[in-house]
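Inside the fold
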Amino acid sequence: MKGIWTLFSALIRVTVRNRQGLFWTLFFPVVLMVVFSFLGNSTSHINIALVEPRGTESPVVTILQKSPGFALHPMSRARALAEVRAGQMDAALFVPKSATTAPTTLTLRYNNANIIAGQETVGSVTAFIAQINVALSGRPPAYRVAAAPMARSRASTYLDFLLPGVLALMVMQNSLFGIGSGLTRWKEKGILRRFRVTPLKPVEFLGATVLNYIAVGLATSAIIIGLATALLHATVVLPLLALLLVLLLGMACFLAIGFIVAGVAKTQEATIPIVNLISFPMMFLSGIFFPVSSLPKTLAHIVHYFPLTYVAGALRGLMSGQLTLAAPAMRTDLLGMVAWVAIAGFVAARVWRWE
Amino acid sequence: MALPDDRRTGTMAEMGEYMHQAALRLENLTKRYGALLAVDHLNLEVPPGQIFSLLGPNGAGKTTTLEMTEGLRPPDEGHVYLGDVDVIRHPAVARLRFGVQLQTSAFFELLTVRETLELFGNLYPNALDVSVLITRMGLDEKAAARVEALSGGQRQRLALGVALVNDPEVVFLDEPSAGLDPQARRNLWDVILGLKAEGRTVVLTTHYMDEAEVLSDGLAIMDHGRVLDAGTPRELIARHLPGAMIEVDPAVGIGSEATGIPGVTSIERREEATVLVTERLEEALVGLVAWAGRERRELRGLRTRSATLEDVFLKLTGRSLRE
Ligand SMILES: Nc1ncnc2c1ncn2[C@@H]1O[C@H](COP(=O)(O)OP(=O)(O)OP(=O)(O)O)[C@@H](O)[C@H]1O
Ligand SMILES: [Mg+2]
């Protein structure tokens, strides 16, 4: 046992000195989060292309213009349609020449490529026009909504969605590349053989290696979470023990898969395409950047069984505050990870070679 | 082969036993790689406190033999005993008692020399003082340097240091002088002779004849996985080439007809010289001069010398060591 700690402390030193390795471990998670946090914070007024006949002075337009939630851009009909279609304008509002019959129809054309944004625009404009209607009628409204934000409430931003995914992604890359590629390199260079003529037992060598990558994975997780919450204002729930358990289980999955790669590949070069082949589909499909439910049904059905889907799902359940470890919905993810650890571990033990 | 006169450990009674017990004994050691018989029923005994060299051309099976001896490669047949320890059955016990420099071994590039030695030292219950080892390996200036910054020769010296870190009884060195400059090779010889002076047994492989001759108490010449012959350098020379060698310039053009010269046993046409082997030097010289007179040849580059280990090696393997 003493041997494990001796080697582990040496490996930690090696890892910390490997500046390039650390940089790449942190680079993608951080860049992803920073970029998306900026996208999330973009100014939130709605851009409306205003199409009205010359000389019209509609009171609706005057009121809209004064409202901070909307930015009106007068332009021609053709240009308005083109800009909405291109996504430069959120919607185009057509005001008819003069109101002869009530009610006057204001036509709103919106881009429905992004359904959520489209509905939001329509909703905002409709609600606003309704307010104007009430105001113009001169009668006091029958009902009024008094909206007050709750203490500690939050708007769920894309960053909040992304953070657990980025964590899961980092866990996968760190473990998979670390063992799959790093261990193969040591094997190739003869470092493993050198330790085999010492009293250090082979399992102790592997144990120290695994501990090293787990330590790196946990430290990186802490840095990513700290950065996301402190600097980028992600609002997530952090049940530390539950998170630790899920992170460890997730790492175990990918460490085991990494051992399969290191067992099969002869050289480090050979591991790179294998590792990419495993990680790329999961990176894009397993609910890191968008929910698995938005995939076509049959594909989602398959993706559901990917290890990264389980890890990201469990982390997101915990960090969104919607689930605890005991929740029934969490059981699938936890069992899925355990199954992956067992199966991949079994295969890894079969294919592992020291030379 | 000489018996040891300086064991480091044990009482007189135990020493008596050691005298009869080899430090290392290989019995019928065999390794096959598919159809290739890399090591073929090899038997060897190395008395304690000796420096023993394995000589052989590339692919002779030296590394495979050492790796089986170190418990790194399971043999297909045979046994290895380190003293009274069966290495293949009890590798963990044996590993405490021997040290290894592999033919190619790498260390963590981002650790320093000192950290590397400390790491390996900490894996053993008893380890030598790391600072002393660093000085002994001539690595004082590089103690704080990372492995990635070491030259090839410095890496070799680090590997040797790591082989000694557990104060081993037996040290296995696979081509320890590969890649060293002449000065560093001399220093290495001093270190190896120092190991012997401390009573350790050293088993090494080398491609340098002078090295084998200077260092070895005993040596074995190997090819195709077999020991062709073993003994002290003197014994081997006396057994295979007891006489003398006459060399002349190859341009003289001595052919096989010269075997008729009285006293000449055989002729070898090597690149650098034509070598006539003889056991009766005067008779052969007289015969050669007479032959040259008859044939009207000038005996350019004529010289005589006694046989060397290299000559024995060539005779036994039919190949040059570094071909
Ligand atoms: N892992 C292996 N698989 C197949 N063949 C091997 C393997 N290792 C060695 N061999 C073969 O076994 C033979 C003996 O190799 P070995 O490395 O023991 O030679 P050596 O005497 O150490 O040579 P060198 O002086 O070049 O180091 C060679 O023909 C080599 O090609
Ligand atoms: Mg070799």
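Residues numbered from 1 in each chain as written. Chains lettered and ligands numbered in written order. Predicted model: local features only at pLDDT ≥ 70, side-chain atom pairs only at ≥ 80, totals over all residues. Heavy atoms only, no water.

Here we look at the domain arrangement of chain A
Rule in force here: An automatic or database domain assignment supplies the start and end points of every domain.
The assigned domain composition of chain A is domain 1 (2-37 + 157-351) and domain 2 (46-149). The gap between the C-alpha centroids of domain 1 of chain A and domain 2 of chain A is 48 Å.

Brief notes about the coordination of the magnesium ion (ligand 2)
Residue and element names in this part refer to chain B. We apply this condition: Any N, O or S atom lying within 2.8 Å of the metal counts as a donor, with the limit raised to 3.2 Å for Na, K and Ca; because water is left out of the atom set, some sites can appear incomplete. A run of H or I in DSSP counts as a helix once it spans at least four residues, and a run of E counts as a strand once it spans at least two, with each numbered from the N terminus. Throughout, exposure labels follow a simple rule: accessible area from a 1.4 Å probe, protein chains only, divided by the maximum for the residue type, with under 20% read as buried, over 50% as exposed, and the rest as partly exposed.
At the metal site, the magnesium ion (ligand 2) is ligated by Thr 63 (OG1) and Gln 103 (OE1), and these contacts range over 1.8 to 2.1 Å. Placement of Thr 63 in helix 2 (residues 62-69) and of Gln 103 in the loop between strand 6 (98-101) and helix 4 (113-121) is noted, with a sequence separation of 40 residues between them. Overall, the relative accessible area of 37% leaves Gln 103 in the partly exposed class.

Overview of the nonpolar core
We count it as follows: Residues belong to one nonpolar core when they are buried, are Ala, Val, Leu, Ile, Met, Phe, Trp, Tyr or Cys, and are joined through side-chain atoms within 4.5 Å. Any pair of residues with heavy atoms lying within 4.5 Å of one another is described as a contacting pair.
If you look at the biggest cluster of nonpolar residues, it comprises 112 residues, and the most contacted ones within it are Phe 195 of chain A together with Phe 108 of chain B. Take this core: its biggest share by element is 15 residues, from helix 9 (residues 240-264) of chain A. Those residues in contact with Phe 195 of chain A that sit more than four places away from it in its chain are Leu 7, Leu 200 and Phe 205 of chain A together with Phe 108, Leu 119, Phe 120 and Leu 123 of chain B. Judged by nonpolar contacts, the second largest core, of 28 residues, contains Leu 26, Leu 42, Leu 44 and Leu 66 of chain B.

Section: the site of ligand 1
All names here are of chain B. Selection criterion: Any residue with a heavy atom positioned within 4 Å of a molecule or strand is treated as near that molecule or strand. Distance and chemistry together define a polar contact, namely a pair of N or O atoms within 3.5 Å, with one atom able to donate a hydrogen and the other to accept it when in protein, and with adjacent residues in sequence counting only for side-chain atoms on both sides. Here the accessible surface of atoms and residues is derived via Shrake-Rupley with a 1.4 Å probe, and residues count as covered only by protein chains that are part of the display.
Around ligand 1, the surrounding shell holds 15 residues, and the nearest of these are Asn 58, Gly 59, Lys 62, Thr 63 and Thr 64. Here Asn 58 contributes a side-chain N or O atom positioned 2.8 Å from an oxygen atom of ligand 1. Between ligand 1 and Lys 62, the relevant distance is 2.7 Å, taken from an oxygen atom to a side-chain nitrogen or oxygen of the residue. Compared with its free state, where it exposes 640 Å², ligand 1 has 64% of that area covered by protein. Broken down by secondary-structure element, the contributors of at least two residues to the shell around ligand 1 are strand 2 (36-46) and helix 2.

Considerations on the sheet that holds strand 5 (residues 85-86) of chain B
Residues and elements named next belong to chain B. Threshold: Strands are treated as partners if at least two bridges between them are detected by DSSP. Think of each axis as a best-fit line through the C-alpha atoms, taken over the contacting stretch in the case of a helix, with angles from 0 to 180 degrees between the N-to-C directions.
One open sheet accounts for 4 strands, arranged 2-1-4-5; its pairing is antiparallel. Each edge of the sheet is formed by a strand with only one pairing partner; in this case those strands are strand 2 and strand 5. Relative to strand 2, strand 1 (residues 24-33) is paired through 7 bridges, and the arrangement is antiparallel. Within strand 2, the position partnered with Leu 26 by the bridge is Leu 44. Helix 2 contacts strand 1, strand 2 and strand 4 (77-82) of the sheet and is inclined by roughly 120° relative to strand 1.

A short note on the sheet that holds strand 4 (residues 107-110) of chain A
Residues and elements named next belong to chain A. Read across the sheet, 4 strands follow the order 2-1-3-4 without closing on themselves; strand pairing throughout is mixed. A strand with exactly one partner marks an edge of an open sheet, and here the two such strands are strand 2 (70-74) and strand 4. Neighbouring strand axes in the sheet, compared pairwise and without regard to direction, differ in orientation by 30° on average. Inspection of the sheet shows strand 3 (residues 91-94) paired to strand 4 by 4 bridges, in the antiparallel sense. In the sheet register, Leu 93 faces strand 4, and the bridge partner there is Leu 108. Most of the contacts of helix 3 (residues 59-66) go to strand 2, to which it runs at about 125°, and overall it touches strand 1 (46-51), strand 2 and strand 3. Docked against the sheet, helix 4 (residues 77-86) engages strand 1, strand 3 and strand 4, running at close to 155° with respect to strand 3.

Looking at the packing of helix 9 of chain A against helix 13 (residues 328-351) of chain A
For any two helices packed against each other, one specifies the crossing angle of their axes together with the interaxial distance. All names here are of chain A. The criterion, for reference: Here roughly perpendicular refers to angles of 65 to 115 degrees, roughly parallel to angles under 35, roughly antiparallel to angles over 145, and oblique to all remaining angles. Handedness of a helix crossing follows the sense of rotation of the near helix relative to the far helix, less than a right angle counterclockwise being left-handed and clockwise being right-handed. Residue classes follow a fixed rule: Ala, Val, Leu, Ile, Met, Phe, Trp, Tyr, Cys and Pro count as nonpolar, while Asp, Glu, Lys and Arg count as charged, and any other residue, Gly among them, counts as polar.
The interhelical angle for the contact between helix 9 and helix 13, taken along N-to-C directions, is 25°, at an axis separation of 8 Å. Taken as axis vectors, helix 9 and helix 13 run roughly parallel relative to one another. Along this stretch, helix 9 crosses helix 13, giving a crossing that reads as left-handed. Along the contact surface, helix 9 presents Val 246, Leu 249, Gly 250, Ala 252, Cys 253, Ala 256, Ile 257, Phe 259, Ile 260, Gly 263 and Val 264, while helix 13 presents Leu 334, Met 337, Val 338, Trp 340, Val 341, Ala 344, Gly 345, Val 347, Ala 348 and Val 351. Looking at side-chain class alone, the contact of helix 9 with helix 13 contains 18 nonpolar, 3 polar and no charged residues.

Description of the environment of Leu 315 of chain A
All names here are of chain A. Locating Leu 315 in the fold gives a position in helix 12 (residues 307-319). Leu 315 sits 25 residues away from Phe 290 along the chain, and the two C-alpha atoms are 14 Å apart. When near neighbours in sequence (up to four residues on either side) are disregarded, Leu 315 contacts Pro 164, Leu 167, Ala 168, Leu 243, Val 246 and Leu 247.

Overview of the interface of chain B and chain A
Operational definition: Here the quantity called buried area is the accessible surface, traced with a 1.4 Å probe, that two parts lose on coming together, added over both. Only one rule defines a salt bridge in this text: a Lys or Arg side-chain nitrogen within 4 Å of an Asp or Glu carboxyl oxygen.
Between chain B and chain A, the contact holds 26 residues from the first and 23 residues from the second. The contact between chain B and chain A buries some 2400 Å² in all, and 64% of this surface belongs to carbon and sulfur atoms. Counting the surface chain B buries against chain A, the share from its top three residues, Leu 72, Phe 108 and Leu 123 of chain B, is 27%. Salt-bridge contacts for Arg 193 of chain A lead to Glu 67 of chain B; the nearest nitrogen and oxygen are separated by 2.7 Å. Those elements that place two or more of their residues in the side of chain B that touches chain A are helix 3 (91-97), strand 6, helix 4 and helix 6 (152-164) of chain B.

Considering the packing of aromatic side chains
Our working definition: Between 30 and 60 degrees the pair is tilted, below 30 it is stacked and above 60 it is edge-to-face, where a pair is any two Phe, Tyr or Trp rings, Trp via its six-membered ring, whose centres lie within 6.5 Å. Placement of a positive charge over a ring is assigned whenever Lys NZ or Arg CZ falls within 6 Å of the ring centre and within 35 degrees of the normal to the ring plane.
Inspection of every chain in the model, using the stated rule, returns 20 aromatic pairs over all chains. Considering the side-chain rings of Phe 195 of chain A and Phe 120 of chain B, the 4.7 Å spacing of their centres and the 20° angle between planes classify their relative orientation as stacked. Separated into two different chains, Phe 195 of chain A in helix 7 (residues 191-196) and Phe 120 of chain B in helix 4 make up a pair that spans both. The class for Phe 195 of chain A is buried, based on a relative accessible area of 3%. An aromatic cluster is built from Trp 186, Phe 195 and Phe 205 of chain A together with Phe 107, Phe 108 and Phe 120 of chain B, whose rings are joined through pairwise contacts. Over the ring of Trp 352 of chain A we find Lys 187 of chain A; its NZ or CZ atom is 4.5 Å from the centre of that ring. It is Arg 185 of chain B that lies over the ring of Tyr 208 of chain B; its NZ or CZ is 3.9 Å from the centre.

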